[in-house]
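Geometric and topological summary
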Amino acid sequence: MKKLVLDLDMGVDDAMALAYALASPEAELIGITTVFGNVPCAQSVANCLAVLELLGHPEVPVVAGADRALAAREPYATMVDVHGDNGIGGVELPVPARAGMGAPDAAGGAAVDFLLDAARTWGSDLIYVPTGPLTNLARAIERDAQAMRSIGGIVFMGGALTIPGNVTPGAEANIANDPEAADAVLRSGVPVTMVGLDVTHQTILPFDELARWRALGTPAGAAFADIVGYYFNFYLEHQGYLGGCALHDPLAVAIALDPALAGMLDINLKVDLDGPFRGRTIGDPLRLHDPQKSSRVAVSVDAPRFVERFCERMLRALG
Ligand code: BDR
Ligand code: CA
């Protein structure tokens, strides 16, 4: 069976991605590395530990990663509105009985050690899915590109190729939080699959699904209904036309486990680092003609199939 490592900036949709992964028969979740983004990295560690306990999986290692972007001097300290004042919709979960491994730092040291060790151990059986800023991945490639090239797949949630960004007209949040890291990854030649807003804005969890989670009568069902309920309200207020919330991070996990869910465009990408388009993922003019393409971008998705599978697996994870 494939081995899976998630890299989470543990907000609401990261939590759904984690639940989806735990309920997926295609791969075994062997660890979570963490990063700043929706929340500071230490809060991401705490949220991952708490949600794993809630879902009955206290055995999964949680490892501290980068606490700031490559170019930042200070640790990142923002709680992003869309995910509530603790990253999980303001819902207070029981304090976890264990601590994470390592401590957040500028180099993402513990997370990068864990990831490189997993890459060397599992090689082509390992799938790595970052759903926050790509800082830990950039650091891992900087330290051992060969090891990262040898793994079975790197599928990240982030970017937007055919539609506007969600933080600025050009930039999606995960890329905007560390454009230098994303650019280093995309221009490293290490093969990656990008699951961006192009497809995540097509996969919508309808507003009425939470009632089914609550009706399970379990602590996990009730807590997830509250956590995602907060996220829904934000979507209602800001993007009501979607009819629900976008399943960004769960879709990246789903495509990593079943690439047939998406239609792909092979292209060499870069990130704009200067000017008004800072943070935009776009074709790299210098490598467009190169027959070797290092990025695959999901540009279409079988949304009904994914959403149905997502709903089924969430009921299993929360039941
Ligand atoms: C991405 O940004 C974060 O807020 C979400 O968790 C997701 O990974 C969507 O742009
Ligand atoms: Ca995320």
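Located above this text is the structure these notes cover.
Heads up: these notes are all about the structure in this document.

What counts, and at which threshold
Residues numbered from 1 in each chain as written. Chains lettered and ligands numbered in written order. Predicted model: local features only at pLDDT ≥ 70, side-chain atom pairs only at ≥ 80, totals over all residues. Heavy atoms only, no water. Donors = N, O, S within 2.8 Å, 3.2 Å for Na, K, Ca; no water. Helix = DSSP H or I, 4+ residues; strand = E, 2+ residues; numbered from the N terminus. Buried < 20%, exposed > 50% of the residue type's maximum accessible area, 1.4 Å probe, protein only. Pairing = 2+ DSSP bridges. Contact = heavy atoms within 4.5 Å. Axes fitted to C-alpha atoms, helices over the stretch in contact; angles between N-to-C directions. Near = heavy atom within 4 Å. Polar contact = N/O pair within 3.5 Å; in protein donor to acceptor, adjacent residues only side chain to side chain. Areas by Shrake-Rupley, 256 points an atom, 1.4 Å probe, with all protein chains shown as cover. Nonpolar A, V, L, I, M, F, W, Y, C, P; charged D, E, K, R; others polar. Lys, Arg positive; Asp, Glu negative; His and termini not counted. Salt bridge = Lys/Arg side-chain N within 4 Å of Asp/Glu carboxyl O.

1. Let's talk about the coordination of the calcium ion (ligand 2)
Donor atoms from the polypeptide that coordinate the calcium ion (ligand 2) comprise D9 (OD), D14 (OD), D14 (OD), T131 (O) and D249 (OD), at 2.3 to 2.6 Å from the metal. The motif formed by the donor residues of the calcium ion (ligand 2), counted along the single chain, is D-x4-D-x116-T-x117-D. Of this pair, T131 sits in the loop between β4 (126–130) and α4 (135–149) while D249 sits in helix α10 (residues 248–257), and the two are 118 residues apart along the sequence. Residue T131 shares its accessibility class with D249, and that shared class is buried.

2. Concerning the sheet that holds strand β12 (residues 295–301)
Taken in spatial order, the eight strands of this open sheet run β3-β2-β1-β4-β5-β6-β12-β9, and their pairing is mixed. Lying at the two open borders of the sheet, with one neighbouring strand each, are β3 (62–63) and β9 (262–267). As judged from the three bridges shared by strand β6 (residues 192–195) and β12, these two strands associate in the parallel manner. Within β12, the residue paired with V192 across the bridge is S295. This element, helix α2 (residues 41–54), spans β1 (2–8), β2 (27–34) and β3 of the sheet and lies at about 150° to β2.

3. Focus: the site of ligand 1
Taken together, D13, D14, N38, H83, T131, M157, N166, E172, A173, N174, H248 and D249 make up all the residues around ligand 1. Contacts to ligand 1 include T131, whose backbone N or O atom sits 3.0 Å from an oxygen atom. Taking N166, its side chain carries an N or O atom lying 2.8 Å from an oxygen atom of ligand 1. Starting from 280 Å² of accessible surface for ligand 1 in isolation, the protein chains cover 95%. The set of elements that each furnish at least two residues to the shell around ligand 1 consists of α1 (12–22), α5 (173–177) and α10. Grouping the constituent residues of the shell around ligand 1 by class yields two nonpolar, six polar and four charged.

4. Examining the side chain of D7
By the element assignment, D7 lies in strand β1. Although D7 is buried, it makes no salt bridge; R139 carries the closest opposite charge, 11 Å away. Engagement of the side chain of D7 in a polar contact is seen with the side chain of T33, the distance being 2.6 Å. Within the local environment of D7, its side chain forms a polar contact with the side chain of N136, the two groups lying 2.8 Å apart. Excluding anything up to four places from it in sequence, D7 contacts T33, T34, V35, Y128, V129, P130, T131, G132, P133 and N136.

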